Amino acid sequence: MKRKHIYVGILAAGIATTGITVSCNKELETTNQNRPTTATYFGTASEIEAGTNSIYSAWKGFNLVAREWFFIHDLRSDDMASGGSQLEAPRRQILLGVVDPSNPVLNSVWNALYVVIQRANTVLDAAPRATDNTAVVNRCVAEAKFLRGWAYYELASQWGSVPIYTKGAISPTDTQPKSPAAAVFAQAVKDLQESAAALPGKSGTTAGRATKAAAYAMLGRTLMQTGDYAGAKAALLNITTTGADGYALTDRYLDNFEEETEFNKESILEVVFFDKGNNNFNWGSGSGDDPNAELTTVRNQEYNPVAWRNLIPSDRVLNEYENTLTGATKNDPRYGYSIYQSGDTYNKGLSVITDGDQGGDASKLRGNTVKAGWRKFTLIYKESKEAAGFHPGGNNQRIIRYAEVLLMLAECEIEAGTLPQAVTYLNQIRARASVAMPAYPTAQFPVTTKADVVKALLHEKTVELAGEEIRNVDILRWRKKGYFATEPLSWYTAAKEFLPIPQSEIDNNPKLQ
Amino acid sequence: MQYYLLVKKMKIYLVLIGAISFLHAAASAKPMAIKVLENVKKAIPVTGVVTDDSGKALAGVSVKVKGTGIGQVTDEQGRFRINAPSANSVLVISYVGFATQEIPLNGLTELTVQLKQAASGALNEVVVVGYGSQRRATVTGAISSVSAATVTALPVAGIDQALQGRVAGLNVTNNGSPGSAPLVTIRGISSVSFASDPLYVVDGFPLTTGLQQYDAKDIERVDVLKDASTAAIYGSRATNGVIIVTTKKGSRNGNLNVTFDSYAGVQSPIKKLDLLNTQQYLQYATNLGVIGSIDRFKSANFNAPIYAGASQTYAQTNTDWQDEYFIKNALLTGGNIGLSGGNEVSRFHTSAGYFKQNGIAQALNFERLNYRINSDHIISKVFTFGQNLYTSVSHQRYDPTLTANRTAIVNLIRMPPYIPVYDPTKIGGFQGPITSFDGSDPINPIETALIGDNRINSFNLLGSAYLDVNILSSLKFRSTFGVNYLNNSTYNYTPIFFDGGTGVSTTAPVSYRRQSTLVKLFTQQLNYDKTFDKHHVGATAVFETQSLNYNNQIETGNQPTNLIKTLTGASNINADNSVETNFLVSYVGRINYDYAGKYLFQASIRRDGLSIWAPGKKYANFPAASIGWKLDQEDFLKSSKTISELKLRASYGLTGINPNSLGNYPYLAPVQANGAIFPYVGSDNRPNSSFVNGITNANLEWEKTKQLNVGVDFGVLNNKFTLTAEFFKRQTDNLMLVVPTANSIGYLGTGTLDNVGGMRNTGVELQLGYHKNTGDFKYDITGLISAIRNKVLFLNSPSASIPSGSDPDLGGGDAFTNTRAGESVQYFYGWITDGIFQNAAQVASSPIQSNAAPGDIKFKDLSGPNGVPDGVIDNFDRTKLGSFLPNFTYSLNYSASYKNFDASVFFQGVQGNEILNTPRIIMEGMSRLFNAGTNVLNAWTPSNTNTDMPRATTGDLNRNARISSRWIEDGSYLRLKNVILGYTLPTTTLTSLSGSTIKRLRVFVSSTNLLTFTGYKGYDPEIGSKNGTLTNGVDFGQYPSARSFQFGIQAGF
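For clarity, every value in this text was computed on a predicted model and none was experimentally measured.

What counts and what doesn't
Residues numbered from 1 in each chain as written. Chains lettered and ligands numbered in written order. Predicted model: local features only at pLDDT ≥ 70, side-chain atom pairs only at ≥ 80, totals over all residues. Heavy atoms only, no water. Helix = DSSP H or I, 4+ residues; strand = E, 2+ residues; numbered from the N terminus. Rg over C-alpha atoms; globule rule 2.2 N^0.38 Å. Buried < 20%, exposed > 50% of the residue type's maximum accessible area, 1.4 Å probe, protein only. Contact = heavy atoms within 4.5 Å. Areas by Shrake-Rupley, 256 points an atom, 1.4 Å probe, with all protein chains shown as cover. Lys, Arg positive; Asp, Glu negative; His and termini not counted. Charge placed at Lys NZ, Arg CZ, Asp CG, Glu CD. Pairing = 2+ DSSP bridges. Axes fitted to C-alpha atoms, helices over the stretch in contact; angles between N-to-C directions. Parallel < 35°, antiparallel > 145°, perpendicular 65-115°, else oblique. Left-handed = near helix turned anticlockwise from the far one by under 90°. Nonpolar A, V, L, I, M, F, W, Y, C, P; charged D, E, K, R; others polar. Polar contact = N/O pair within 3.5 Å; in protein donor to acceptor, adjacent residues only side chain to side chain. pLDDT = per-residue confidence, 0-100. Core = buried A, V, L, I, M, F, W, Y, C linked by side-chain atoms within 4.5 Å. Salt bridge = Lys/Arg side-chain N within 4 Å of Asp/Glu carboxyl O. Expected span 1.5 Å × (residues − 1). Phe/Tyr/Trp six-rings, centres within 6.5 Å; stacked < 30°, edge-to-face > 60°. Lys NZ or Arg CZ within 6 Å of the ring centre and 35° of its normal.

S.K.: Talk me through the overall build of chain B; I want residue IDs and the actual numbers.
M.R.: Across its full length, chain B carries 14 helices and 50 strands. In terms of overall dimensions, chain B is globule-like: its C-alpha atoms have a radius of gyration of 32 Å, near the 31 Å expected for 1053 residues. Overall, the C-alpha framework of chain B stretches about 105 × 75 × 65 Å when taken along its three principal axes. The burial tally for chain B puts 57% of its 1053 residues in the buried class. When contacts within chain B are restricted to residue pairs at least 6 apart in sequence, long-range pairs at least 24 apart make up 69% of them. Accessible surface, chain B: about 39,400 Å² in total, of which carbon and sulfur atoms supply 57%. Here chain B holds 89 positive side-chain charges and 75 negative ones, and the gap between their average locations is 7 Å.

S.K.: Now, about the overall build of chain A: what can you tell me, with residues and values included?
M.R.: Counting secondary structure elements, chain A contains 18 helices and 12 strands. Along the first, second and third principal axes, the C-alpha set of chain A runs to 120 × 50 × 45 Å. Counting contacts in chain A only where the partners sit at least 6 residues apart, residues at least 24 apart contribute 71% of the total. Surface exposure of chain A reaches about 16,700 Å², of which carbon and sulfur atoms provide 55%.

S.K.: Run through the sheet that holds strand β42 (residues 879-882) of chain B, naming residues and quoting values.
M.R.: Residues and elements named next belong to chain B. With respect to topology, 3 strands assemble into an open sheet ordered β38-β39-β42, the strand pairing being antiparallel. Since the sheet does not close on itself, it has two edges, and those belong to β38 (817-818) and β42, each with one partner. The pairing of strand β39 (residues 827-830) with β42 spans 3 bridges and is classified as antiparallel. Bridge pairing in β42 links G830 to T879.

S.K.: Lay out the packing of helix α14 (residues 402-416) of chain A against helix α15 (residues 419-430) of chain A in plain terms, naming residues and giving numbers.
M.R.: Residue and element names in this part refer to chain A. Remark: α14 packs on α15, axes separated minimally by 7 Å, with the N-to-C direction vectors making an angle of 165 degrees. Comparing the axis directions of α14 and α15 gives the class roughly antiparallel. The crossing of α14 and α15 is left-handed. Side by side, α14 and α15 meet where A403, L406, L407, L409, A410, E413 and I414 of the first sit next to L419, Q421, A422, Y425, L426, Q428 and I429 of the second. Of the residues assigned to the contact of α14 with α15, the class counts are 11 nonpolar, 2 polar and 1 charged.

S.K.: Go over the side chain of K598 of chain B with me, naming the residues and quoting the values.
M.R.: Residue and element names in this part refer to chain B. The residue K598 is located in the loop between β28 (571-595) and β29 (599-610) in this model. A distance of 3.5 Å separates polar atoms of two side chains, one belonging to K598 and the other to E634. Beyond its immediate stretch of four places on either side in the chain, K598 contacts G628, W629, K630, Q633 and E634.

S.K.: Go over the confidence of the model for chain A, please, and point to the residues and values.
M.R.: On average, chain A scores 92 in pLDDT, and the residues at 70 or more come to 95%. Mean pLDDT across the elements of chain A ranges from a minimum in helix α1 (residues 2-21) of chain A, with 57, to a maximum in helix α9 (residues 212-225) of chain A, with 98.

S.K.: Go over helix α17 (residues 471-481) of chain A, please, and point to the residues and values.
M.R.: At 3.6 residues per turn, the α-helix brings residues three or four places apart onto the same side. Residues and elements named next belong to chain A. Counting buried positions over the 11 residues of α17 gives 9, a clear majority of the element. Inspection of α17 places R471, N472, V473, D474, I475, L476, R477, W478 and R479 among the buried residues, and these make up the whole buried set. Of the residues trailing α17, G482 is marked for its positive phi of about 75 degrees.

S.K.: So what's going on with the nonpolar core? Residues and values would help.
M.R.: Within the largest apolar cluster, 152 residues are counted, with the highest numbers of intra-cluster contacts made by W59, L64, F146, W159, I239, I268 and V405 of chain A. Once residues lying within four places of it in the same chain are set aside, the contact partners of V405 of chain A are A217, L236, I239, I268 and I400 of chain A. Among the nonpolar cores identified, the runner-up in size contains 74 residues, and V825, M926, A961 and V1034 of chain B belong to it.

S.K.: Explain the interface of chain B and chain A residue by residue, including any values.
M.R.: The partner chain A presents 109 residues to the 102 residues of chain B that form the contact. Across the chain B-chain A interface, the total number found is 3 salt bridges. Taken together, the connections running from chain B to chain A amount to 35 residue pairs in polar contact (both at pLDDT 80 or more). Listed by contribution, the elements that provide at least two residues to the side of chain B that touches chain A are α1 (2-41), α9 (435-439), β26 (508-532), β27 (535-559), β28, β29, β32 (671-677) and β33 (688-692) of chain B.

S.K.: Run through the pairing of strand β34 (residues 704-716) of chain B, naming residues and quoting values.
M.R.: Residues and elements named next belong to chain B. Pairing geometry for strand β31 (residues 643-656) and β34, over 13 bridges, is antiparallel. From the neighbouring strand, R649 faces β34, where its bridge partner is G711. Relative to strand β35 (residues 721-739), β34 runs antiparallel, the two being bridged by 12 bridges. In the strand pairing of β35, D713 is matched with T724. Counted between consecutive antiparallel strands, the loop separating β34 from β35 contains 4 residues, among which L717 sits at a positive phi close to 50 degrees.

S.K.: How would you explain helix α3 (residues 45-60) of chain A if you had to name every residue and give the values?
M.R.: Over its 16 residues, α3 of chain A extends 23 Å from the first C-alpha to the last, a length consistent with the 22 Å expected when each residue adds 1.5 Å. Of all 16 residues making up α3 of chain A, 15 are buried, and the element is well covered by its neighbours.

S.K.: Residue-level account of unusual backbone geometry, with values.
M.R.: The amide bond that connects Y440 of chain A to the next residue, P441 of chain A, takes the cis arrangement and shows omega of 0 degrees. The residue P441 of chain A is located in the loop between α15 and α16 (450-465) in this model. Phi angles above zero are rare outside glycine, and N572 of chain B is one such case at about 50 degrees. Residue R959 of chain B is not a glycine yet carries a positive backbone phi of 55 degrees. Within the secondary structure, R959 of chain B is located in the loop between α13 (918-924) and β46 (968-970). Among the residues examined, R959 of chain B registers a relative accessible area of 4% and is labelled buried.

S.K.: Could you give an account of the pairing of strand β22 (residues 453-470) of chain B, with specific residues and numbers?
M.R.: Residues and elements named next belong to chain B. Pairing geometry for strand β21 (residues 383-397) and β22, over 15 bridges, is antiparallel. Bridge assignment links Q396 to a residue of β22, and that residue is I456. Note: β22 against strand β23 (residues 475-493), 18 bridges, orientation antiparallel. Each residue of the ladder has a partner; that of L467, found in β23, is S479. The antiparallel hairpin formed by β22 and β23 contains 4 residues in its connecting segment.

S.K.: Describe the packing of α9 of chain A against α14 of chain A, naming the residues involved and giving the relevant values.
M.R.: Residue and element names in this part refer to chain A. Contact geometry for α9 and α14: axes closest at 11 Å, N-to-C directions at 35 degrees. For the crossing formed where α9 meets α14, the hand is left-handed. Here A217, G220, R221 and M224 of α9 come into contact with α14, specifically with E404, V405, M408, E411 and C412. Tallied by class, residues from the contact of α9 with α14 come to 5 nonpolar, 1 polar and 3 charged.

S.K.: Explain the confidence of the model for chain B to me, and be specific about the residues and the numbers.
M.R.: All names here are of chain B. The predicted model of chain B has a mean per-residue pLDDT of 86, with 93% of residues at 70 or higher. Considering each helix and strand of chain B separately, the mean pLDDT is smallest for α1, with a value of 42, and largest for β46, with 96. Considering only residues more than four positions removed or in separate chains, one finds that residues 1-41, a stretch of pLDDT under 50, has 33 contacts. Note on residues 119-124: pLDDT is under 50 here. Beyond four places in sequence and across chains, it has 7 contacts. Model confidence for the complex: the whole-complex pTM is 0.82, and ipTM, which rates the interface, is 0.90.

S.K.: Hey, could you go over the packing of aromatic side chains for me, with residue numbers and the actual values?
M.R.: Under the criterion given, the structure shown has 52 aromatic pairs over all chains. Their ring planes at 70 degrees and their centres at 5.3 Å tell us that Y325 of chain B and F326 of chain B sit as a pair that is edge-to-face. Considered together, Y325 of chain B and F326 of chain B belong to a single accessibility category, that of buried residues. On the basis of an interplanar angle of 5 degrees and a centroid distance of 6.4 Å, the ring pair of Y491 of chain B and Y493 of chain B is categorised as stacked. When sorted by exposure, Y491 of chain B lands in the same class as Y493 of chain B, which is buried. Linked through ring pairs, F721, Y770, F777, Y779, Y894 and Y898 of chain B together constitute an aromatic cluster. Of note, R91 of chain A hangs over the ring of F71 of chain A, and the distance from its end group to the ring centre comes to 4.2 Å. Its guanidinium or amino end placed over the ring of Y440 of chain A, R430 of chain A lies 4.1 Å from that ring's centre, counting from NZ or CZ.

Put into structure tokens, the structure is as follows:
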């Protein structure tokens, strides 16, 4: 009996030892040591700044500017044609106006625009908590509003009526119903106005961040889209042409598309890409996440005339440039700056592009069959066909440059009835040193009537800005204004004016109906 | 707080100590009670000794008087003393691993009993349950047991694969190349958002991984706990069932027993797809209307040499990419040397094993070396010390593209046949198509497989030590401490190469990733087992903690040269390290009671606290109870010559989802601090970016499943015929769902976990056996059949749906599956085809399909925005196209022996399931120029209208390739999984050949997957899942099962 008591003693001691080893409830309170929570983070200016950086980071992801954003714009404009059978089916479908709500390209852009909005909202919601450096926080708030405004401008112009979020969602049921396109544009206007008032000029901030000029340029774009040309003109005129924060046309047109001349005096808004030299692209995260992510864009690859050549300039674009063969007094040099055609030299002048280099579909130029591809933003101006076989690049995507501001001002003046001022703006574009096209009026482009000036504007905007993801939104506005004699998009019907809301959004947002 | 905790802790100790004291007192009081009964009944004392077949004494053998609760256990010398109620009583003598004997006393009072090693059938006598073992006769839940012989029959790497088709309700699906774990589910899919992996317990240690690292040759037995009453003892982790693996112990017979097993064989692909050759490819490009714009086909280019200096031209090249990618006669070999033995004090089992499997496709293999030592030592009557130690190292070479979107199989289908595999003039030595020049851009799959190096080296250590304290003969305490350490090192390397087309790397990326997991287990366990007359009472109390520490390190960089394959001197070096932990604390109690072996009752409860939940949600209780009635012990059946076993049983209980797949912080959507970068130009060159990518849900709690099980065990003619039937219902009312957040909320639609769904699995399982154990010709037939019906009862809202899985290449981005209330989980989702438009009039008179033309597929108009057909084909017309869930699964195992020959045949099948054949979308989708199946040449044209293949048109404007009934196929199959023919050399021959060196020698030949009967058109109807549980049954172009032939020997020394 006594022995048995000993065992019980041993047993109890054993259990007690275990109990001491394990102070259970404390051990249960584990936290994620690698990740802070929203309750504690975003409480300082530097954390608010990190939050703001993440908006830019999503902006550069391949769901947006590094890939699908330019596809959406280009596939829905008449700037582009298919390069051949290598163009993926979902992209070809958009190009041909067959857009299904499950189309993955449109889904990617939709999703990523709302990532931009959500990240901006995270910054805006948390900013009042960060009181340690008001200057930084205020700048971040202005940048967040700018990026949110940009996203709503994109949504309203591509989808029309969409949900508006001005606060971060706390619960999965915090979805919003559709607002009319006018309300979405109004939200964009509000965000851009507030950011324009608070953002610094380019001399007062890091290149790549939003500036006051960028906000006014975006505001001008947005107001024009709403029909407020007077407001747009006022906003655009806030973009200064003098001093450290001033903008002007570069003498060399090509500076706007080459890697060595990023952030030049003409550049108002760029998305920054960076080539680590390892030939990789961040295919893994559509919103560009991962601290070690690749920072390249695949744009130069997608349109590269000697590699993927997925989209090429449309025949309309090729034939738009003034040429002596069609009655102009001078060949527009922007043709060769924008487009490679067989016989052109590339690779720093070391190689000549041939029909054989350019696999896929051919184009019709003034009745002749030619092989042509995009030069804008591609890198073969300085690299060989072999090096360009697969090479996502670090060439920044220019979103807004001063030439576009001038062309927008010209349009505002046309709508205000001040045609001579409009022609003055157009002639500034033509007078660029490396372009030096004769001023309007020319034999082909008289500028007597409003219709004349509109025609000159449409011409000038194509030859200046073709393939820069602007035409598609212009078409929406000009179609309503009756600028077109014939509908530019073969597939257009009123029902196809906007992209359909993605199926996954319809499936998961019960307030849409 | 601290004070409170201390008090709480002390309370627990007091209760435990109190319980122990009570049991102690009860135990002390007992001999008196028995004495009284003895006096009343004039019991006859019987003594005896139990030995094994070599005459060594067996300790711990159960000796019971049949039909009563009277029982004893033999002591260390194998002796027992029991009081039989009458001179004609029958003693039932049973022991794990030995055949149970029934000995009528017929007046005898002294016995010598020799137990014989059990044949596999007798395994049923004792089953291993959580924290103990139980006699099969008194089991009231659903447990299936698998013997060592069965587990080792198939030449597979892991124990999990070996269980395929062996247990009713246990479903094993191969899922990948050698070294990849299969998908294992017990009684169907229990969770929508998470894998339905069961909990694996090896020698009492609940693993956080699968069984891929464990050598089947070490296995004594496997017990599968399927229902709540048996599994709920593992409470919070038991919803998907528990698979308990028990490894071998030595015997106590004083002899050394040496075994040697070895086999080697070859594996080959089973099937080949019909793909276009070069001539047919040109024809197809013509039909698509793109041949004219493809420069490759211009005469000068097509008749050019395939590379400078080659005599062969592209036109003359006809590469069969399947022959190049798949490998015939790939090696498969394994071996194991085991040594075991022991005496009255100590026993041990030790073994070393080797397994190697090459893939039937390029660059895949798996190799494992493992070593085990198990031993236990009786220190005194009171203390026994034991330990299990297992280590394994494995090396897997894998192809990362097999789990990527465009798998190697997708690429081998798409590769143009006129491109050669190799090109010595290129860096790397391969050739690939040039995107715009060839009008096509697949990636050379042989290049992808062979150019780089992708390996996972794993080290696994599982060790535990325990001390048993026999406080009383009826009360035992066990304290266990165990450690499981896992280290996975993944190495990925791609050299600098350029194949002239799509395949290029200008630097050599190098990546090392090390993931180490340390799990520590402490278990304190008290077992009580006592018989009072006809009352048998058992009780178990357990206090257990299990902690996990996970450390993840990754280093990546780029080498500017192919001469260095490590990170030394690399550029762009990045490193990351993260740490995660979790902690589980459990209090377990279980009582068993049976009256006269007839009326059985069991109840258990487990209270678990787990760190992964939000504060306030950490603890949950998991109770279960079961009853059984052994009718064969009733007087009216006892004497039956026909019915030898009849038991009815029922159980009900609550279990939780296995948290292994939940991660360590499932409720939390933390800030991804510095989780991205944006490269501003300026002084702060690459500032960090922080963001949130989800919504935190602090209310998330354990997903609990209510499980009902009703079963019957039936045996006739001394269990020559056996039948076990089970009916079960498993219902979860707080199903964890990733509630899809609308994409506009801004988290890419990733969703938030919440307990908002309900799902039910109802099923029946039937196991039939016929056992002929006598005569020269012995055989054993076992048939299993199980059927499960799944229904999602409700989701977060009545109209909610969870469309899952999509791929732009596979149907153009449509979801593959959908989940809605009222239907089975993740049914295939899409349009229904309705023939081909033969002319413009048909297009015009049919529901609107914008862009349709003659030759396009007509789809059915099933619904519209108002729920009725609206004359427009759009997303509203998508419907349920089928389910990956079979109507039933079945298997048939026949094993026979005649004199020295033995044979076994094992069929396994599933019936009534569907498969989404996405490789066929690649072969027949015709949305872009790629190589394709030969069927595309039968595409509709105005002159070829009698076909089901739509017109060939680039861009696929009618979206003929969309997810539709066109791609859904019947996935039923019947497979001759295994055939074995063995011959055991007669002892006389062995003696004359080797003297007495070799005691036993068996040679065998076997074949795996010899025959498959199926209508499925893809490589293999056995489809795993790539992206999680909602894409089951989607064939993404996975690595297919191989057919193999083996030769092996098994020797004993």
